[in-house]
Amino acid sequence: MNTQIQDEFTFKNGQTMRNRVVLAPMTICASEPGGYVSQADIDFFARRSRSVGMVITGSTYVHPLGKSFAESFSGAEDDKIEGLSRLAKAIKDQGALAIVQLYHGGRMVLPDLIDGQPVAPSAVKAPRDYLAEPRALKNAEVEQVIEDFLSAIRRAIQAGFDGVELHGANTYLIQQFVSPHPNVRQDKWGGSLNNRLRFPKTLLKRAKQLVKEEADRPFLIGYRFSPEEIEEPGIQLYDTLQLLEQLIYHQVDYLHISTSDVWRSSIRDSQDSEPVIQKIIKKINGRVPLIGVGQIKTKQDAQRVLDAGIPLFALGKALLLDPDWAEKVVSGREEEVIRAYRDELQADLALPTAFVEDARSYLEGKD
């Protein structure tokens, strides 16, 4: 029997999604000053929680030096737990699993967003004109960043979330440790591929131990990854396959690929036409759930993902434009799905005004 969009999915720890639809993590930059969850944040995520199986919040920074987005919310201080609790409850009250994505921006942090110099595995500037050269983390500071992630996971547990997603994609700090471009360290955190994998591997191992010791309920630890980098030297698919093997060994609860198109082929090897995700599926071999993402817009798109053996799929733009996408598609009303933004829809879509203005061309389908 083929898997259908509306089929339940149960993780190994017993947590169950009512269907196969995931809200992709999106940072809408609507938080209160200081990184506090706002009512706009709660309204946005609650509105998209009504018919999906799982909601992954936008990027939540684990240390003030890791903040890459203005007006994004923080998981770095205990006084943020109250707002995070309201957010988790709003999502769960609608029947979806609530996952908070945790990240540190590393060298991708805009200098004017933080008080100090950005930090990274090494003092290697990202190839972006608007970014500054970072300061290399000392060995003790690397250990402290891991503790920052663990402290944020504790807060997520206290706030009532169903899990966290470690953001190891999109060139942020966790990925920077894996990549030979920003990581030219010569200690145990860099150099060989095995050493470059040490940071995510250690973080996951300690996160799983923390959950085992401190969570009073099942709690997911997921991991998002970018399979390749265009930088030279950069992450190759071979590196990612080794990373995934380590994450599976250390009992990651799910993996979440980050791609602009779920069927994209290699961005490093133009001679290889096989979709990267097919190689990922072969490596995982059903051992942990994989979330596919990228250019999934229609029921047919989603079914193709499920038919390929990918058990879960995430929607970004589709759920920005129509929070009821899953309900409409499953009930045979796909012709009613909203495909382009109009201002009269703003209130029902619970989209913050500043976000609409910043993303208007994208939302209206003009780019």
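Residues numbered from 1 in each chain as written. Predicted model: local features only at pLDDT ≥ 70, side-chain atom pairs only at ≥ 80, totals over all residues. Heavy atoms only, no water.

As recorded in an unreviewed UniProt entry, the chain goes by the name NADH-dependent flavin oxidoreductase, putative, listed as coming from Streptococcus sanguinis.

Q: Give me the lowdown on the packing of aromatic side chains, citing residues and values where you can.
A: Two aromatic rings are characterised by how far apart their centres lie and by the angle between their planes. For the coordinates displayed, the defined rule picks out 10 aromatic pairs. On the numbers, 6.2 Å between centres and 50° between planes, the contact of phenylalanine 11 with tyrosine 254 is tilted. Of this pair, phenylalanine 11 sits in the loop between strand E1 (9-10) and strand E2 (16-17) while tyrosine 254 sits in strand E11 (residues 254-257); the two residues are 243 residues apart in sequence, bridging distant segments of the chain. Across this residue pair, the class does not change: phenylalanine 11 and tyrosine 254 are buried. Ring centres 6.1 Å apart and planes at 55° place the aromatic pair phenylalanine 69 and tyrosine 103 in the tilted group. Here phenylalanine 69, found in the loop between strand E5 (60-61) and helix H2 (81-93), pairs with tyrosine 103, found in strand E6 (residues 97-103); they are 34 residues apart in sequence, far enough to count as distant. Residue classification places phenylalanine 69 among the partly exposed residues on the basis of a relative accessible area of 22%. Seen from the ring of tyrosine 36, lysine 80 lies directly overhead, with NZ or CZ sitting 4.1 Å from the centre. Against the face of tyrosine 362 rests lysine 317, its NZ or CZ located 4.5 Å from the ring centre. (Phe/Tyr/Trp six-rings, centres within 6.5 Å; stacked < 30°, edge-to-face > 60°. Helix = DSSP H or I, 4+ residues; strand = E, 2+ residues; numbered from the N terminus. Buried < 20%, exposed > 50% of the residue type's maximum accessible area, 1.4 Å probe, protein only. Lys NZ or Arg CZ within 6 Å of the ring centre and 35° of its normal.)

Q: Just give me the short version of the side chain of lysine 201, but keep the residues and values in it.
A: As for its placement among the helices and strands, lysine 201 is situated in helix H6 (residues 198-214). Buried and unpaired, lysine 201 has glutamate 245 as its nearest opposite-charge partner, separated by 12 Å. (Lys, Arg positive; Asp, Glu negative; His and termini not counted. Salt bridge = Lys/Arg side-chain N within 4 Å of Asp/Glu carboxyl O.)

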